[in-house]
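Each chain is listed here by its residues.
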Amino acid sequence: MCFKIRRTKSFLHGALALCIFSAANAITGSASAVVLTYTNFADFEAAAGALMVETFENDPWVNGSNPNGTNSLGLVWTAETDLFIETSISRSGNRSISDGELPGDFDEQINAELPAGTMAVGAFVDSFGGPLGVRMTASNIGDGLLAALDGPITPAGSFSSFLGVISTEVPIARVSFLMAGDDIQGSNFAVDDVYFGQLTTSVPEPASLAIFGVGLAALGFTRRRKTA
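Residues numbered from 1 in each chain as written. Predicted model: local features only at pLDDT ≥ 70, side-chain atom pairs only at ≥ 80, totals over all residues. Heavy atoms only, no water.

The final tally for this structure, using the stated rule, is four salt bridges. The salt bridge involving D193 is made with R91; its shortest N-O contact spans 2.8 Å. Placement of D193 in strand β14 (residues 188–197) and of R91 in the loop between β6 (83–86) and β7 (96–98) is noted, with a sequence separation of 102 residues between them. Judged by its relative accessible area of 2%, D193 is buried. We classify R91 as partly exposed; its relative accessible area is 37%. Measuring nitrogen to oxygen at the nearest pair gives 3.9 Å for the salt bridge that ties R174 to D143. Taken together, the positions of R174 in strand β13 (residues 174–180) and D143 in the loop between β10 (133–139) and β11 (145–150) put the pair 31 residues apart, joining distant regions of the chain. Counted as one network, the salt bridges with shared partners bring together E113, D143 and R174. (Salt bridge = Lys/Arg side-chain N within 4 Å of Asp/Glu carboxyl O. Helix = DSSP H or I, 4+ residues; strand = E, 2+ residues; numbered from the N terminus. Buried < 20%, exposed > 50% of the residue type's maximum accessible area, 1.4 Å probe, protein only.)

Rendered as structure tokens:
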């Protein structure tokens, strides 16, 4: 019986040491990236910290059509035809970027190449003219998909839907916006207040927290055994 107790205690101590080592290793630098998605701006802002924001109120944006490949605040914006700055709806200021520059031309995808080292990106989106929401995708430098998330259908002009992505290891090289659905004719969307940049806060990885929790549970069990 004593042998079994000593053996159990040795096993628990070994498991505890492994959990603590694994947690510390994961927290300081894990081998795989963790990509987190957000539909709440307050949660995204708390996790990402202070970021730059594109409001489309600054130069070189002008009302109406803008040249494909517009460079603003270090982002390079492109679309299938040209970039249209909407003045009828916006979340802040008087402008947003939209896909609705021509009647019936509602099938565009708006892209933004992000500055090197970008780890967080998010934007407020609005859909109007049809029963569809807006989809945002984030890709790495090799054009590999990191995340895709859809915003709900929102009242036109409300900009109540937020979409955000944080990558803890792999930089986000590109973000795209399009209608979330197959039958998109008659639908339109707009994007405003695009937040982007490097992380200024420490984002805990879910795996690290789980491993650390297992370690704490093992420590508690060991102490209860000693008390008994």
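After presenting the structure, the write-up continues.
Overall, the prediction assigns the chain a mean pLDDT of 80, with 69% of residues at 70 or greater. Within the model, the stretch residues 1–9 combines pLDDT values under 50 with two contacts to residues more than four positions away or in other chains. Scored below 50 in pLDDT, residues 207–212 makes eight contacts in the model with residues more than four places away or belonging to other chains. (pLDDT = per-residue confidence, 0-100. Contact = heavy atoms within 4.5 Å.)

The next point concerns the nonpolar core. Ranked by internal contacts, the top residues of the largest apolar core, which has 30 residues, are W77, I97, V121, V165, F177 and V191. Per-element tally for this core: the top contributor is β14, with four residues. I89, F128, F162 and Y195 belong to the second-largest nonpolar core, a separate cluster that totals 18 residues. (Core = buried A, V, L, I, M, F, W, Y, C linked by side-chain atoms within 4.5 Å.)

What follows deals with unusual backbone geometry. Geometrically, the link from D59 to P60 is a cis peptide bond, its omega value of 10 degrees lying close to zero. Among the secondary structure elements, P60 is positioned in the loop between β2 (52–54) and β3 (64–66). Positive phi outside glycine occurs at F56, with the angle close to 65 degrees. Relative to the helices and strands, F56 resides in the loop between β2 and β3. A positive phi angle is found at F159, which is not glycine, with a value near 50 degrees. Looking at the element boundaries, F159 is found in the loop between β11 and β12 (161–167).

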